[in-house]
Structures are given as structure tokens and as C-alpha cells.
Amino acid sequence: MAKLRIATFNINGIRSRLAALLQWLEREVPDVVCLQELKAVDSAFPVEPLRDAGYHAIWQGQSAWNGVAILAKSAEPVERRRGLPGFEQDMHSRYLEAEVGGVVIACLYLPNGNPQPGPKFDYKLAWFDHLLAHAAKLYTSAQPVVIAGDFNVVPTDEDIYNPRSWLKDALLQPESRERYRKLLEQGWTDALRTYFGDERVYTFWDYFRRHWDTNSGLRIDHLLLSADLAPRLRAAGVDRWVRGEPHASDHAPTWIELEMGAGRKKKSA
DNA sequence: ATGACTTCCTTAGGAAGA
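Being a predicted model, the structure only gives us computed values, none of them experimental.

## Some points on the UniProt feature "site: Interaction with DNA substrate" (unreviewed entry) in chain A
Then step 1. What UniProt calls "site: Interaction with DNA substrate" (unreviewed entry) maps, in this numbering, to His251.
Then step 2. Tracing the chain through its elements places His251 in the loop between α6 (240-243) and β12 (254-259).
Then step 3. The exposure class of His251 is buried, given its relative accessible area of 3%.
Then step 4. Here the side chain of His251 touches Asp221 through a polar contact of 2.9 Å, side chain to side chain.

Structure (C-alpha cells):
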């Protein structure tokens, strides 16, 4: 494949949203998909409908909350790890890492952190610190890497319709933003921001106050590229039509397209 | 503003999301 399309989608319940997921896969045909908020135990993961749709999958579920999965078309994702290193006491299903077609895919669901201050915000920052440590190793691993997921961070005030009513929210706190900035300082490219420049782009619209109807959104779903992948970025976008469907998730699928054709290594040395 | 919506787990209302 010359073009590689990688998407991240917080589905907000894979059982209640399976039809929407299958419709999106059929219409947009992403090569790799990172899913978050499965809200389902492992045994409830819809293996067969996804296989019928042409997707292999690995997943890490749990009852009622959290849960992440990596889907891949025409290739079996080869799992590298589940959970962040050094954070074995973390009981939430929030991190899954696999290799797909020579690219390392890190799928994450970073804790929301509300209310703040408090133990949930402390957990968010601790989770973020473990991610920073692991991401630093990934970045220098000499492998192409994409870190994709729901980061639950609005990086700047340009990534929200109006920060005023969100100033006390965990997503906008300086501690959250500082860690996201530290991540980028490791060298990662924020693909959506790089592709869109100054243009506004949102990936989440909450269910309250007609926020979808008024395009009052937040950019919290991110795809980060390692140094060797950044020059391969050809396109990026948000599949807003999915958010406009009846009974939609509050997030929309967010994707990038990488040109993988040129510079491909030959099999023999 | 302990708000608003929505799903999950369980069957009336709480927890959690962001």
C-alpha cells in the first residue's frame, strides 16, 4: 500500500455504536483504527462483525468504562504491549500498542481528570507522566511510530470554541497542557495542527447546550508522528458526518494519511 | 450552576464522561 490512513475514534460504547462503526468503516475504509471507550468486557468485543467488515483487531476491554482497541485492514496487528511500563498498578484499560505493516501504533485513552483538583486529576497527571517516559523511548526507538487517541487535553485556546466556560475543566489546566507541550518537545509532530495550520479544527462536541448544532467543539483527539513519519503526512481530517448521525458518539473519527511508498526498504540486504 | 445529555449497569438511580 502506498497510502496509509490511520484514524482514532472515541466511540463511547462499542455495543451501542456498532452499526455506526461499521457504517463508518465501510464508507471511509481506514487502514488502521484506534478505538477508545469501548465500555465493554473483552468477551463482548464484536470480533465477527469486524472480521466480516475486513478488519483484524486486538482489544483491551473492561466492564462499563474505558477500553481500547486497534483495528487493521488486511493485516493482523502484532501486539507489543498493553498498559504503560512502570504503571502496572493501573487498573484501567487505556493503552494498547501494536505493530501494523512496519509502523508502531500506540492507542491511548488518557484519563479525563475531572473534577480537579482531586484524586482523579492526580491520576490523570500520573498517567501522563508515565506516557511521557514511554513516549521518549518510542521516539528514539528508530522505528516509525504513531501515537493516536483521546488525550483529553485541549492543547491551546485555539483548540476550543471558547475557553471561558471550561477554565476550571481538567482538559484546559496548565498542568495538562504543560505535559502535552512536553510531549511535543520530545520531537513528535501534532499531525492535525501541522496540517491545518491556523484553521480551527474540532474532534469533540459535548451533548449539552446544542454544542454540535452551534459547532462549539474541542480538539482533544490527537495523532502524533515520529520524525521519520512527519515528512510523509499528506492529508488529515475529521469525519464530522459521523458526529451528525442520530445517536452519535460525542467524538468524531479523526484521521491522517501517510505516503509510505517512497523510501520503502527492500527485503534483501 | 451539585446544571445541561448520554451510556452503562441494572431495572430507579448512581457513576462517569468532558
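## What to know about the pattern of salt bridges
Then step 1. Across all of its chains, the model carries 15 salt bridges by this definition.
Then step 2. Arg5 serves as the salt-bridge partner of Glu28, at 3.9 Å between the closest nitrogen and oxygen. With Glu28 in helix α1 (residues 18-28) and Arg5 in strand β1 (residues 3-10), this residue pair connects regions lying 23 residues apart in the sequence. The same class applies to Glu28 and to Arg5, which are both buried.
Then step 3. One salt bridge in this structure joins Glu178 and Lys182, with 3.9 Å as the shortest N-O distance. Note that Glu178 and Lys182 are positioned in helix α4 (residues 174-185) at a spacing of four residues, about one turn of the helix.
Then step 4. Assessed through its relative accessible area of 32%, Glu178 is described here as partly exposed.
Then step 5. Note on Lys182: relative accessible area 42%, which makes it partly exposed.
Then step 6. Through salt bridges with shared partners, a single ionic network connects Arg5, Arg27, Glu28 and Glu257.

## Digging into the UniProt feature "active site" (unreviewed entry) in chain A
Then step 1. Look at the UniProt record and you will see "active site" (unreviewed entry) annotated at Tyr109, Asp150 and His251. For the residues just named, distributed over 143 residues, the greatest C-alpha separation is only 12.7 Å, placing them together at one site. Within the annotated group just given, the residues that line the largest pocket are Tyr109, Asp150 and His251.
Then step 2. Mapped onto the elements of the fold, Asp150 is located in strand β8 (residues 145-150).
Then step 3. Excluding anything up to four places from it in sequence, Asp150 contacts Thr8, Asn10, Gln36, Leu108, Tyr109, Leu110, Ile220, Asp221 and His251.

## A closer look at the nonpolar core
Then step 1. If you look at the biggest cluster of nonpolar residues, it comprises 33 residues, and the most contacted ones within it are Ile6, Ile105, Val146, Ile256 and Leu258.
Then step 2. Membership of the second largest hydrophobic core comes to 22 residues, among which are Ile14, Leu35, Ala69 and Trp255.

Thresholds applied
- Residues numbered from 1 in each chain as written.
- Chains lettered and ligands numbered in written order.
- Predicted model: local features only at pLDDT ≥ 70, side-chain atom pairs only at ≥ 80, totals over all residues.
- Heavy atoms only, no water.
- UniProt positions renumbered as here; feature names shortened; annotations may be inferred.
- Helix = DSSP H or I, 4+ residues; strand = E, 2+ residues; numbered from the N terminus.
- Buried < 20%, exposed > 50% of the residue type's maximum accessible area, 1.4 Å probe, protein only.
- Polar contact = N/O pair within 3.5 Å; in protein donor to acceptor, adjacent residues only side chain to side chain.
- Salt bridge = Lys/Arg side-chain N within 4 Å of Asp/Glu carboxyl O.
- 1 Å grid on protein atoms, 1.4 Å probe; cavity = no way out; pocket = protein on both sides within 12 Å on 5 of 7 lines; lining within 4 Å.
- Contact = heavy atoms within 4.5 Å.
- Core = buried A, V, L, I, M, F, W, Y, C linked by side-chain atoms within 4.5 Å.

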